[in-house]
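Read off the chains here:
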2 protein chains.
Amino acid sequence: MQNFNFCSPTYFEFGKGSENKSAELIKKFGGTKVLLHYGGGSVKKSGLYGRVVTSLKDGGVDFVELGGAQPNPIDTLVYEGIELCRKEKVDFILAVGGGSAIDSAKAIAAGTLYDGDFWDFYTGKYIEEALPVGTILTIAAAGSEGSCNSVITKGKLKRGASGEVIRPVFSILNPELTQTLPPYHTAAGSTDIIVHILERYFSNTEEVEVTDRICEGLLKTVINQTPRVIAEPDNYAARANIMWAGMVAHNNLCGVGREQDWASHGMEHELSAFYGAIHGAGLAVINPAWMKFVSKKNPRKFEQFAERVWDIKDKNIDEAIKRYEEFLKSIGMPSSIKEFGAKEEDIPMLAANIGLTEEYTFGGYVKLNIRDVEEIYRLAL
Amino acid sequence: MQNFNFCSPTYFEFGKGSENKSAELIKKFGGTKVLLHYGGGSVKKSGLYGRVVTSLKDGGVDFVELGGAQPNPIDTLVYEGIELCRKEKVDFILAVGGGSAIDSAKAIAAGTLYDGDFWDFYTGKYIEEALPVGTILTIAAAGSEGSCNSVITKGKLKRGASGEVIRPVFSILNPELTQTLPPYHTAAGSTDIIVHILERYFSNTEEVEVTDRICEGLLKTVINQTPRVIAEPDNYAARANIMWAGMVAHNNLCGVGREQDWASHGMEHELSAFYGAIHGAGLAVINPAWMKFVSKKNPRKFEQFAERVWDIKDKNIDEAIKRYEEFLKSIGMPSSIKEFGAKEEDIPMLAANIGLTEEYTFGGYVKLNIRDVEEIYRLAL
């Protein structure tokens, strides 16, 4: 086990009706003038928007609003949010939505207090300060509700920023809010959760049994519960288990003490940027392809994955990957990047866009150069 | 799953040499004048005391000190600490030791800012404010390094207090510091960790797969790793896995979303108060006895415990409890309360001291009245 530090200070209010505590929590964390940031029509159609506005008004919390956050949230809306926050002297951002609204809110929170271009944070600059962010989560997926990460798209560049000051101070997790999600989004969310765990699980660092077993328990939970919510979208208990697993999957409890990987996320980001793939759906294609490639080069952890996650006793790695693919297919996820519109001839461009070369590699469990990545995209065709 | 809230804001610095960051962390969390609170000679003999003092002096952090915290920490030292903190205008408490030094530090932290008798907090009063507490942990056991709880003994009364303001702001976890522990204390620590998980695991709340699987993963980790450290006390990796499991076991991640039990802790507290039993060793006797009694009345969760923790496929609950007892014996834990000096004729007094009657019960998984508790003590003879 490697040395590490861990801090997950977000306050989670979990359960039925918890969105009605919005004003109370904002005031507890010092907010007086709020930017209410959300996505499209579903938040309004579901009645959630109305309940949040009622909570804010009843609680005497002043607010301005900015809708329009979209999957793979974009820089232009962030710029708009920053301008609005400065103009309206906003001191707290409440994101209502999924990872997109939350990531967009985090970018606005950091950008509002920064003298330069917020995009600097997405090209490596350290985030020193940010407005406090609270969230009301509407999809179990990104884990952004408990993480210090944000991913924003600028043109064809999809890039991440990270910093303790953009970690939400509170997150409201009401599983009921996820019951109206379309099955495809539900399944893509679960896939995202699974891959958040796997990017940390596949590691060469030895002697991390505690972290491994937490990962395996979360994986089994999401694998067991997702088919239930696909079959019965209103299943509160299954939704609740997935929603909490989604938070724990990404606050880094699954990653402490070891090297992590994240190559599948890197490869998927290009699918989102070029073809507008829903992130989790992109991962559903890329992650098994990554497994097929790297398991031949470094089988060690895959034997444990087969045994402990899939109950395969004979170290049959191919069987484990096959079971994983079948699971993803069973919940309605795609199995080829062609389903997003990608063609074989696009592959060199996709790989090049990541910024790799033959020498410059990424990934942790197996280091991948540009040729390896092309091969993985081919396996994902 | 029940509604819940969860917040575990402690900053953890984990790994080799992390105690050298003491001054840096105290300053980060606003401390300027520190009470260095510790137990007996082992902290000095091991050289840890010297390294901490060096860190404080090099970092320019002023401090006073109070040693003498003992297992089952007592009220008289807390009063002494409160007086010292007030006199010296201490604004931060650094506990160096195990659960005892940390629990004592938490009591001092709350008592210093309170106008009345700190014992009020241990008889139900809400803790409104406290000095910030940091910890350097020397034994994986109590989980006090990440919890908002404290247990103090006054005469024959061993009672707990709880409050967000006494949760440590930081905890330094260096597994090396636990390598010099005697095997009995190591084993008692692991037992304490296991029972912290089980008090939350045995619950009638259904549909908490995510929490259950985290519990089961931690249990397997401690059960696998403890025999390694008993055989090889210097095994850093095994120590590290147990140490981190001990924190996760008690910051309530294992308890969220459900009713909890805690009857075994209630019964064990009397063994510590009357016979000076090391807490974990007392639990090693009481918890299996509790299992034998309650599994007959409510077998449901025990079937899962047998299958997922002990890999017993045929729902053989008695076999699971037997395997648990054998495990505890194999790591050197006692198997009868007689080993602490208890006699059969003491049992009515032990049960009465908990404060139960035939009508007033405790426990969650099975409600226990005074007669049930007497029966469990008898099973522990």
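Computed from a predicted model, the values in this text were never measured in an experiment. (Residues numbered from 1 in each chain as written. Chains lettered and ligands numbered in written order. Predicted model: local features only at pLDDT ≥ 70, side-chain atom pairs only at ≥ 80, totals over all residues. Heavy atoms only, no water.)

Visitor: Report on the overall build of chain A, specifying residues and quantitative values.
Guide: On a plain count of helices and strands, chain A comes out with 14 helices and 8 strands. Against the 2.2 N^0.38 benchmark of 21 Å for 381 residues, chain A shows a C-alpha radius of gyration of 20 Å, consistent with a compact globule. By principal-axis analysis of the C-alpha atoms, chain A measures approximately 60 × 45 × 45 Å. Relative to its full complement of 381 residues, chain A shows a buried share of 64%. Taking contacts inside chain A between residues at least 6 apart in sequence as the whole, the part at least 24 apart equals 78%. A total of about 13,400 Å² of accessible surface is found on chain A, and carbon and sulfur atoms cover 50% of it. Counting 41 positive and 50 negative side-chain charges, chain A places the averaged centre of each group 3 Å from the other. (Helix = DSSP H or I, 4+ residues; strand = E, 2+ residues; numbered from the N terminus. Rg over C-alpha atoms; globule rule 2.2 N^0.38 Å. Buried < 20%, exposed > 50% of the residue type's maximum accessible area, 1.4 Å probe, protein only. Contact = heavy atoms within 4.5 Å. Areas by Shrake-Rupley, 256 points an atom, 1.4 Å probe, with all protein chains shown as cover. Lys, Arg positive; Asp, Glu negative; His and termini not counted. Charge placed at Lys NZ, Arg CZ, Asp CG, Glu CD.)

Visitor: Quick rundown of unusual backbone geometry? Include the residues and the values.
Guide: All names here are of chain A. Of note in the backbone geometry, Asp 311 takes a positive phi value of approximately 55 degrees without being a glycine. Checked against the element boundaries, Asp 311 lands in the loop between helix H11 (300-310) and helix H12 (317-330). Residue classification places Asp 311 among the partly exposed positions, given a relative accessible area of 49%.

Visitor: Summarise the pattern of salt bridges; cite the residues concerned and give the values.
Guide: Counted by the stated rule, this structure contains 48 salt bridges over all chains. Across the pair Lys 322 of chain A and Glu 319 of chain A runs a salt bridge whose closest N-O atoms are separated by 3.7 Å. Residue Lys 322 of chain A and its partner Glu 319 of chain A are located together in helix H12, separated by 3 residues, close to a single helical turn. By relative accessible area, Glu 319 of chain A is classed as partly exposed at 25%. A salt bridge links Glu 344 of chain B to Arg 378 of chain B; the nearest nitrogen and oxygen atoms lie 4.0 Å apart. Remark: Arg 378 of chain B occurs in helix H14 (residues 370-379) and Glu 344 of chain B occurs in the loop between helix H12 (317-330) and helix H13 (347-354); sequence separation between them is 34 residues. Look at Glu 344 of chain B and you get partly exposed, because its relative accessible area is 46%. (Salt bridge = Lys/Arg side-chain N within 4 Å of Asp/Glu carboxyl O.)

Visitor: Requested: an account of helix H7 (residues 209-231) of chain B, with residues and values cited.
Guide: If you check H7 of chain B, its first and last C-alpha atoms are 34 Å apart, about what 23 residues at 1.5 Å a residue would give, namely 33 Å. Burial runs high along H7 of chain B: 18 of the 23 residues are buried. (Expected span 1.5 Å × (residues − 1).)

Visitor: Please set out the sheet that holds strand S3 (residues 62-66) of chain A residue by residue, giving values where relevant.
Guide: Ordered by their spatial adjacency, 12 strands build an open sheet running S3(A)-S2(A)-S4(A)-S5(A)-S8(A)-S1(A)-S1(B)-S8(B)-S5(B)-S4(B)-S2(B)-S3(B), and the pairing between neighbours is mixed. The outermost strands of the open sheet, each flanked by one partner alone, are S3 of chain A together with strand S3 (62-66) of chain B. Each strand axis lies, on average, 25 degrees off the axis of its neighbour in the sheet, ignoring direction. Where strand S2 (residues 33-38) of chain B meets S3 of chain B, 5 bridges bridge the pair, whose relative direction is parallel. If you follow Val 34 of chain B over to S3 of chain B, its bridge partner there is Phe 63 of chain B. The strands touched by helix H4 (residues 75-88) of chain A within the sheet are strand S2 (33-38), S3 and strand S4 (92-97) of chain A, with S3 of chain A carrying the most contacts at an inclination of about 160 degrees. Across the sheet, helix H5 (residues 99-112) of chain B touches S2, S3, strand S4 (92-97) and strand S5 (133-137) of chain B, and the angle it forms with S4 of chain B is around 165 degrees. (Pairing = 2+ DSSP bridges. Axes fitted to C-alpha atoms, helices over the stretch in contact; angles between N-to-C directions.)

Visitor: Can you explain the relation of the copies chain B and chain A? Please cite residues and give values.
Guide: In screw terms, the move from chain B to chain A is a rotation of 180 degrees and a rise of 0.0 Å along the axis, fitting with an RMSD of 0.0 Å. Taken together, the turn and the small shift mark the pair as related by a two-fold rotation axis. Distance from the rotation axis, computed per C-alpha, reaches its smallest value in chain B at Pro 9 of chain B: 1.8 Å. (Least-squares fit on C-alpha atoms with pLDDT ≥ 70 in both.)

Visitor: Run through the environment of Val 64 of chain A, naming residues and quoting values.
Guide: Residues and elements named next belong to chain A. Looking at the element boundaries, Val 64 is found in strand S3. Taking the relative accessible area as the measure of exposure, Val 64 reaches 14% and is therefore buried. Residues Val 64 and Val 34, 30 residues apart in the sequence, show an inter-C-alpha distance of 6.3 Å.

Visitor: Account for the pairing of S2 of chain B, naming residues and giving values.
Guide: All names here are of chain B. In terms of burial, S2 is a largely internal element, 6 of the 6 residues being buried. Here S2 shows a buried face lined by Lys 33, Leu 35 and His 37 and a second buried face lined by Val 34, Leu 36 and Tyr 38. Bridge count between S2 and S4: 5 bridges; the pairing is parallel. Its bridge partner lying in S4, Leu 35 is registered against Ile 93.

Visitor: Can you tell me about the interface of chain B and chain A, naming the residues and giving the values?
Guide: Each partner contributes to the interface: chain B provides 37 residues, whereas chain A provides 37 residues. Both faces considered, chain B and chain A share a buried interface measuring about 3,300 Å² in area, 57% of it formed by carbon and sulfur atoms. Connecting chain B to chain A are 2 salt bridges. For Glu 207 of chain A, the salt bridge is made with Arg 228 of chain B, and the minimal N-O distance between the two is 2.8 Å. The interface formed by chain B and chain A holds 20 residue pairs in polar contact (both at pLDDT 80 or more) in total. The residue inventory of the side of chain B that touches chain A, partitioned by class, reads 20 nonpolar, 10 polar and 7 charged. Bridging between strand S1 (residues 4-14) of chain A and strand S1 (residues 4-14) of chain B involves 7 bridges; their strand directions are antiparallel. Each residue of the ladder has a partner; that of Phe 6 of chain A, found in S1 of chain B, is Phe 12 of chain B. (Buried area = accessible area lost by both parts, 1.4 Å probe. Polar contact = N/O pair within 3.5 Å; in protein donor to acceptor, adjacent residues only side chain to side chain. Nonpolar A, V, L, I, M, F, W, Y, C, P; charged D, E, K, R; others polar.)

Visitor: Help me get a handle on the packing of aromatic side chains, residues and values and all.
Guide: Tallying each qualifying case throughout the model produces 58 aromatic pairs over all chains. A ring pair is formed by Phe 14 of chain A and Phe 4 of chain B, whose centres lie 4.5 Å apart and whose planes are at 10 degrees; its orientation type is stacked. One end of the pair, Phe 14 of chain A, is in strand S1; the other, Phe 4 of chain B, is in strand S1, on a second chain. A relative accessible area of 1% means that Phe 14 of chain A is categorised as buried. (Phe/Tyr/Trp six-rings, centres within 6.5 Å; stacked < 30°, edge-to-face > 60°.)

Visitor: Summarise the side chain of His 250 of chain B; cite the residues concerned and give the values.
Guide: All names here are of chain B. When you line up the elements, His 250 lands in the loop between helix H8 (236-248) and helix H9 (263-275). In this structure His 250 comes out as buried when scored by relative accessible area, which is 8%. Excluding its chain neighbours within four sequence positions, the residues that come into contact with His 250 are Ala 142, Gly 143, Ser 144, Ser 147, Asn 149, His 196, Arg 200 and Trp 262.

Visitor: Can you tell me about the packing of H7 of chain B against H8 of chain B, naming the residues and giving the values?
Guide: Residues and elements named next belong to chain B. At a minimum axis separation of 9 Å, H7 and H8 run at an interaxial angle of 145 degrees. The two elements H7 and H8 cross, and the hand of that crossing is left-handed. For the pair H7 and H8, contact is made by Leu 218, Thr 221, Val 222, Gln 225, Thr 226, Arg 228 and Val 229 and by Ala 238, Arg 239, Asn 241, Ile 242, Ala 245 and Val 248, respectively. (Left-handed = near helix turned anticlockwise from the far one by under 90°.)

Visitor: Got a sec to walk through the packing of helix H6 (residues 183-201) of chain A against helix H7 (residues 209-231) of chain A? Specific residues and values, please.
Guide: How two helices sit against one another is set out by the angle between their axes and by the gap between those axes. All names here are of chain A. Running from N to C, H6 and H7 point in directions that differ by 170 degrees, and their axes come no closer than 10 Å. Relative to H7, the element H6 lies roughly antiparallel. Residues Pro 183, Thr 186, Ala 187, Ser 190, Ile 193, Ile 194, Ile 197, Leu 198 and Tyr 201 of H6 form the contact with H7, whose participating residues are Asp 212, Cys 215, Glu 216, Leu 218, Leu 219, Val 222, Ile 223, Thr 226, Val 229 and Ile 230. Residue composition of the contact of H6 with H7, by class: 14 nonpolar, 3 polar and 2 charged. (Parallel < 35°, antiparallel > 145°, perpendicular 65-115°, else oblique.)

Visitor: Any details on H9 of chain B? Residues and values, ideally.
Guide: All names here are of chain B. A rise of 1.5 Å per residue sets the reference length of H9, with its 13 residues, at 18 Å; its end C-alpha atoms lie 19 Å apart and thus fit the reference within 8%. Burial runs high along H9: 11 of the 13 residues are buried. Of the residues making up H9, those classed as buried are Ala 263, Ser 264, His 265, Gly 266, Met 267, Glu 268, His 269, Glu 270, Leu 271, Ser 272 and Ala 273. Immediately downstream of H9, the backbone of Gly 276 shows phi near 70 degrees, a positive value.

Visitor: I'd like a rundown of the side chain of Asn 235 of chain A, residues and numbers included.
Guide: All names here are of chain A. Within the secondary structure layout, Asn 235 lies in the loop between H7 and helix H8 (236-248). Here Ala 237 takes part through its backbone nitrogen, which lies 3.2 Å from a polar atom of the side chain of Asn 235. Asn 235 has contacts with Gln 179, Arg 228 and Val 229, leaving out every residue within four places of it along the chain.

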